[in-house]
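Single-letter residue listing:
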Amino acid sequence: MVYLPQHFAETDSEAMHQLIRVFPLGTLITVGAEGLAANHIPFVLDTRSGEHGRLLGHVARNNPVWRDHDPDQDALVVFQSIDAYITPNWYATKRETHEVVPTWNYAVVHAYGRIIVHDDVKWVRGQAGMLTKQQEASQPSPWKMADAPTDYTTANLEQIVGFEIPVARLIGKFKASQNRRDADRSGAITGLRETGQPGNVAMADLMDAIQHRE
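Residues numbered from 1 in each chain as written. Predicted model: local features only at pLDDT ≥ 70, side-chain atom pairs only at ≥ 80, totals over all residues. Heavy atoms only, no water.

Peer 1: Please explain the sheet that holds strand E10 (residues 169-175) as it appears in this structure.
Peer 2: To summarise the sheet geometry, strands pair through backbone hydrogen bonds and adopt either a parallel or an antiparallel arrangement. Pairing in this open sheet of six strands is antiparallel, and the strands run E1-E10-E7-E6-E2-E3 from one edge to the other. Across the chains shown, the open sheet's two edge strands, defined by having one partner strand only, are strand E1 (9-10) and strand E3 (35-42). Bridging between strand E2 (residues 25-32) and E3 involves eight bridges; their strand directions are antiparallel. Paired with Thr 27 across the strands is His 40, a residue of E3. (Pairing = 2+ DSSP bridges. Helix = DSSP H or I, 4+ residues; strand = E, 2+ residues; numbered from the N terminus.)

Printed below as a string of structure tokens:
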């Protein structure tokens, strides 16, 4: 389980789903014959199935994870989005008492569920097609699986195995300085924006959004 102080808990399902959609590369953590294993896999989130949705993915046939996992135990998939270092120099409290320390802000979603393997070319083709459509959507001229020769695509599909994870639990942790007073949070937001770094600006946007919805 993740350490989750109440003020960092994200309970909005749509906010958690949106994080997965924007940052679909998840870290799949399983228990196998040799203990813990971690694999980095891009997922498709299907919210039409179950309370929390299901995750659809595939791995290389040579990857042992599709055979070597405990089917009676939940797997864990970790999705991480933006993060940023927060210097105490941005806090109003520093100028008043100096009783401040650095921290790191971030937003993550943990999805738990049991793996269902699909060693089925038709299923894998469908999942690969959905993933391709998802990731190519922003391209000026999206690539499609049909653009490649049929025999080439078929040969590649035979080398991967699909799986789905019906999500039993979804835990969000959006650590965005909610434990600081408004003046400190505002100072950190301003400081992040002034760096001009895209990741820092994105964190400032998240902090600002959370601050204004409280």
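Peer 1: Looking at this model, I keep getting lost on the nonpolar core. Mind explaining?
Peer 2: As a rule of thumb, nonpolar side chains are buried together in soluble globular proteins. Core analysis: the biggest nonpolar cluster contains 40 residues, and Leu 28, Leu 55, Phe 79, Phe 163, Phe 174 and Leu 192 have the highest contact counts within it. Among the secondary structure elements, those contributing two or more residues to this core are helix H1 (13-22), strand E5 (54-60), strand E6 (75-86), strand E7 (103-113), strand E9 (160-166), E10, helix H5 (182-195) and helix H6 (198-213). At six residues, E6 tops the list of elements feeding residues into this core. Sequence-distant contacts of Phe 79, defined by excluding residues within four places in its chain, comprise Leu 19, Ile 20, Phe 23, Pro 24, Leu 25, Gly 26, Phe 43, Leu 55, Ala 107, Val 108, Val 109 and Ala 111. Val 124, Leu 131, Met 145 and Leu 157 belong to the second-largest nonpolar core, a separate cluster that totals nine residues. (Core = buried A, V, L, I, M, F, W, Y, C linked by side-chain atoms within 4.5 Å. Buried < 20%, exposed > 50% of the residue type's maximum accessible area, 1.4 Å probe, protein only. Contact = heavy atoms within 4.5 Å.)

Peer 1: Which parts of the structure should I look at to understand the pattern of salt bridges?
Peer 2: Pairing between side chains of opposite charge can happen when the charged atoms of each approach one another. Overall, the coordinates contain 12 salt bridges when judged by the stated rule. Linking Glu 14 and Arg 21 is a salt bridge whose minimum nitrogen-to-oxygen distance equals 2.9 Å. With relative accessibility at 43%, the residue Glu 14 sits in the partly exposed group. With its nearest N and O atoms 2.8 Å apart, the salt bridge here joins Asp 46 to Arg 54. Look at Asp 46 and you get buried, because its relative accessible area is 8%. In this structure, a network of salt bridges that share partners links the residues Asp 46, Arg 48, Arg 54 and Glu 164. (Salt bridge = Lys/Arg side-chain N within 4 Å of Asp/Glu carboxyl O.)

Geometric descriptors of this kind do not, in isolation, establish any biological role.
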